There are 2 protein chains.
Amino acid sequence: MSRKFDDLISKVNSCSTKTVAVAVAQDAPVLEAVKAAKERKIANAILVGDEAKIKEIAADLDMDLSEYEIINETDDYEAALKAVKLVHDGKADMYMKGLIDTKSFLKSVLDKEAGLRNNRPLSHVCVFEIEGVDKLLFLTDVAFMTYPTLEDKVSIIENTVEICNACGIDMPKVAPLAAVEVVNPKMQATVDAAELTKMCEEGKIPGCIVDGPLSMDLAICPEAAAHKGAENRKIVGDADILLFPDIHAGNLVYKTLVHTAKVKNGNIITGTKAPVILTSRSDDFETKVNSIALGSVVAEALRNK
Amino acid sequence: MSRKFDDLISKVNSCSTKTVAVAVAQDAPVLEAVKAAKERKIANAILVGDEAKIKEIAADLDMDLSEYEIINETDDYEAALKAVKLVHDGKADMYMKGLIDTKSFLKSVLDKEAGLRNNRPLSHVCVFEIEGVDKLLFLTDVAFMTYPTLEDKVSIIENTVEICNACGIDMPKVAPLAAVEVVNPKMQATVDAAELTKMCEEGKIPGCIVDGPLSMDLAICPEAAAHKGAENRKIVGDADILLFPDIHAGNLVYKTLVHTAKVKNGNIITGTKAPVILTSRSDDFETKVNSIALGSVVAEALRNK
């Protein structure tokens, strides 16, 4: 079971080396992360994009391109389709966004011929190691699904449980979060949380333990949970998956953690046939490398499924 | 201008000593905070409640009751009314919740004869000093207003600007937060944020600078704001007031800060004629003392208004 990002890296190093296919690879921060991932034996890469520009950036980064396969394609969307097809065809293990807008990138992910759709809604998971918290936390959805319905939330949980399993967490605890711990009919987040809890008890959401609504302290802080007297709770400050009521709550917590706490984090898109890495320009270098490591772990798990 | 809680305490110490009226004062954690506030010359207290029980708790706390006025009233709601009337009549400067449920306490705040209503909606503000952030942050609303309308948000801003002013921040910067920085008609939080910004530009929300929608990093992190290129922004990581889209987002961020970052914080209810202190049992000792200090600063400002 991975409790820290270093555990994930060790897990990666014990498997066969995975390969990331980069769409429109002429992107300096992405190439820098790809280079570090290679050096740290986290993953190899196939670079699809404008070869001349890739070479130019690689020279700046002191990056030896002889170690990488490069596929020259100057049209951005064609490059994306070629890159995603490499993953679709099993020639690469995961798909990563380079210098292409998010909308076009996601379109390529969902392409019927070359893409990675899995008949499930896509969702986003951000994995955090936080100083003072004794386990990895899986935050979802902080970037992709805006206002998930109850049905969407079930899909998000299923997607994220798969990622937890890949990280060695067999029966993750899922906390549907809200401002309060009791159901209030005027707060849909609490109604949904109670319904998800019931569905899990009835076996409709397998492979995990759902307990909500939960406030953040009851979800992540064992002392707070003990102090509030949480005898009847299945989660007492030991949640693995933090399920947010909507994208505002999720994203605001996500960025609060990044900017005020001591953290390491990485993120991927889930619900696809293979891991999809969509880091944003505001993510720092280590976050990009961690995201590739997370993708490798998930790719290994999906391969063995 | 106060940038830290110590600045607020200094501000308190430079004014005449304020007095807090405690409703149903037989509450150990509240008495402990009241005792510390007295010792640190932050505020005196009048204790209204069951005198016998107050004496019992005081003995345990090694608290010299001869330094406090005690009003014996064993009926809880009567005790609350007597305590709030002390503030209403100017015999005390702020009102604090003891061992009484929140609903009854708020009923006493809103009592037409003895209460502190001000013809404005009440809102809650939580003031944070966060390691790595160079100024106090005023989070609202994380505990009281659930799903504020645009009109409610205007009131929340007005209430919170008053608190900022009391803390020496003359023209606070208000960030209406969301997951994204651009208006999306499908996200009401972003629509409201843009509307609040416009209203402020038109002079309809005076005494502050509103700029939204803003993501958390653009609101509190100057480096992130610079990195994202925020030339046309009035707020570049230097917000004072963080206005949340709803109570879930606010409360989840609030508890994330308390449990993962290095912080000091205090909170009060605003929109009343005098400060109202409603700490929860999950607030730690220092938070309660900080809340009394905040109340003292606000009481001084309201007196001089």
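Everything numeric here is computed off the predicted structure, so don't read it as measured data. The written sequence of each chain sets the order in which its residues are numbered from 1. Here every chain gets a letter starting at A, and every ligand a number starting at 1, in the order they are written. At least 70 in pLDDT is required for a residue's local features to be given in this predicted model, at least 80 for side-chain atom pairs to be given and counted, and no such filter applies to totals for whole chains, interfaces and linings, which use all residues. Calculated side-chain values reflect all of the structure's heavy atoms, with hydrogen atoms and water omitted.

(A) Layout of the overall build of chain A. Numbering goes from the N terminus for both helices and strands, where a helix is a DSSP run of H or I of at least four residues and a strand is a run of E of at least two. Scanning chain A for helices and strands turns up eleven helices and eleven strands. For a compact globule the rule gives 2.2 Å times the number of residues to the power 0.38, and the radius of gyration it is set against comes from C-alpha atoms. What you see for chain A is a C-alpha radius of gyration of 19 Å, in line with the 19 Å of a compact globule of 305 residues. Expressed as lengths along the three principal axes of its C-alpha atoms, the size of chain A is roughly 60 × 35 × 35 Å. Summary of the burial criterion: residues with accessible area below 20% of their type's maximum are buried, those above 50% are exposed, and those between are partly exposed, where the area comes from a 1.4 Å probe applied to protein chains only. Across the 305 residues in chain A, those meeting the buried criterion constitute 59%. In this description, contact between two residues means that some pair of their heavy atoms is separated by no more than 4.5 Å. Across chain A, contacts joining residues at least 24 apart in sequence account for 70% of those joining residues at least 6 apart. Accessible surface computed for chain A: about 12,200 Å², of which carbon and sulfur atoms make up 49%. None of His or the chain ends enter the tally, which takes Lys and Arg as positive and Asp and Glu as negative. The location of each charge is read from NZ of Lys, CZ of Arg, CG of Asp or CD of Glu. Counting 36 positive and 47 negative side-chain charges, chain A places the centres of these two groups 2 Å from one another. The protein chains shown are the only cover counted for residues, whose accessible areas, like all others here, come from Shrake-Rupley with a 1.4 Å probe.

(B) Seen up close, the relation of the copies chain A and chain B. Rotating chain A by 180° and translating it 0.0 Å along the rotation axis places it on chain B, where the RMSD comes to 0.0 Å. The symmetry that links the two subunits is that of a two-fold axis. Across chain A, the smallest distance between a C-alpha and the rotation axis is recorded for Ala249(A), namely 1.9 Å. Mapped onto chain B, 100% of the interface residues of chain A again fall at the interface, so both copies present the same surface. Alignment of the copies relies on least squares applied to C-alpha atoms, considering only residues that score at least 70 for pLDDT in both.

(C) Main features of the layout of surface pockets. A pocket here means an open set of points on a 1 Å grid, computed over the protein atoms alone, that has protein on both sides within 12 Å along at least five of seven lines. A cavity is instead a set of points where a 1.4 Å probe fits but cannot get out; residues with an atom within 4 Å of a point line either one. Grid points are joined across faces, edges and corners, and a volume is the space filled by probe spheres set on the points. The computed volume of the largest pocket comes to approximately 1,400 Å³. Around the largest pocket sit 44 residues that line it, and Val180(A), Thr102(B), Ala143(B), Leu278(B) and Ser280(B) are the ones nearest its centre. Among the elements of the structure, helix H9 (222-228) of chain A together with helix H2 (28-39), helix H5 (102-109), helix H10 (247-260), strand S10 (263-270) and helix H11 (285-303) of chain B are those that each provide at least two residues to the lining of the largest pocket. Residue polarity is assigned by list, with Asp, Glu, Lys and Arg as charged and Ala, Val, Leu, Ile, Met, Phe, Trp, Tyr, Cys and Pro as nonpolar; anything else, Gly included, falls into the polar class. Counted by class, the lining of the largest pocket contains 20 nonpolar, twelve polar and twelve charged residues. In this structure, the second largest pocket spans a volume of roughly 1,100 Å³. Around the second largest pocket, the lining comprises 39 residues; the ones closest to its centre are Thr102(A), Leu278(A), Ser280(A), Arg281(A) and Ser282(A). Within the residue set of the lining of the second largest pocket, elements represented by two or more residues are helix H2 (28-39), helix H5 (102-109), helix H10 (247-260), strand S10 (263-270) and helix H11 (285-303) of chain A together with helix H9 (222-228) of chain B. It is H10(A) that provides the largest number of residues to the lining of the second largest pocket, a total of four residues. Grouping the constituent residues of the lining of the second largest pocket by class yields 16 nonpolar, eleven polar and twelve charged.

(D) Representation of a negative patch on the surface within the structure. Candidate patch residues must exceed 30% relative accessible area and have no salt bridge, after which like charges are joined if within 9 Å and Val, Leu, Ile, Met, Phe, Trp or Tyr side chains if within 5 Å. Between Lys or Arg on one side and Asp or Glu on the other, a salt bridge is scored when a side-chain nitrogen of the former is within 4 Å of a carboxyl oxygen of the latter. Taken together, the side chains of Asp75(A), Asp76(A), Glu78(A) and Asp101(A) define an acidic patch exposed on the protein surface. For Asp101(A), the position within the fold is in the loop between strand S4 (94-97) and H5.

(E) Representation of the interface of chain A and chain B in the model. Contacts between chain A and chain B engage 36 residues on the former and 36 residues on the latter. Once two parts are brought into contact, the accessible area they lose, counted with a 1.4 Å probe and summed over both, makes up the buried area. Buried area between chain A and chain B, summed over both chains or domains, comes out near 3,000 Å², and the portion from carbon and sulfur atoms is 69%. Counting the surface chain A buries against chain B, the share from its top three residues, His248(A), Leu252(A) and Thr260(A), is 20%. Joining chain A to chain B, the criterion identifies two salt bridges. Between Lys255(A) and Asp217(B) there is a salt bridge whose closest N-O contact spans 3.8 Å. Polar contacts, as used here, are pairs of N or O atoms within 3.5 Å; protein pairs need one atom able to donate a hydrogen and one able to accept it. Residues neighboring in sequence count only if both atoms are side-chain atoms. Where chain A touches chain B, the interface holds two residue pairs in polar contact (both at pLDDT 80 or more). Every element with two or more residues in the side of chain A that touches chain B is listed here: helix H7 (188-201), helix H8 (216-220), H9 and H10 of chain A.

(F) Structural detail: empty space enclosed by the protein. Residues and elements named next belong to chain B. As enumerated under the stated definition, the model contains six cavities of 30 Å³ or more in all. Considering only enclosed or pocket space, the largest cavity measures out at about 50 Å³ in volume. Along the walls of the largest cavity sit Lys153, Pro176, Leu177, Ala189, Asp192, Ala193, Leu196, Leu243, Phe244 and Pro245, which together make up its complete lining. Ranked by residues supplied to the lining of the largest cavity, first place goes to helix H7 (residues 188-201) with four residues. Within the lining of the largest cavity, the residues separate by chemical class into eight nonpolar, no polar and two charged.

(G) Region of interest: the pairing of strand S7 (residues 173-176) of chain B. Residue and element names in this part refer to chain B. Because side chains alternate across S7, one face comprises the buried residues Lys173 and Ala175, and the other comprises Val174 and Pro176, equally buried. DSSP bridges decide pairing: two strands pair if at least two such bridges lie between them. Where S7 meets strand S8 (residues 209-210), two bridges bridge the pair, whose relative direction is parallel. Bridge pairing in S8 links valine 174 to valine 210. Both S7 and strand S9 (residues 241-243) contribute to a ladder of three bridges, which runs parallel. Bridging across to S9, valine 174 finds its partner in isoleucine 241.

(H) The arrangement of the pairing of strand S1 (residues 18-23) of chain A in detail. Residue and element names in this part refer to chain A. Here S1 lies mainly inside the structure; six of its six residues are buried. Here six bridges tie S1 to strand S2 (residues 43-49), and the two strands are oriented parallel to one another. Paired with lysine 18 across the strands is alanine 43, a residue of S2. By convention, a crossover is right-handed whenever its connection, traced from the first strand over the helix to the second and viewed with the strands pointing away, goes clockwise. Chirality of the crossover, the property in question, places the unit of S1, H2 and S2 among those that are right-handed. Of the strand pairs in this sheet, S1 and S4 are connected by four bridges, and their pairing is parallel. Bridge pairing links alanine 23 to lysine 97 in S4.

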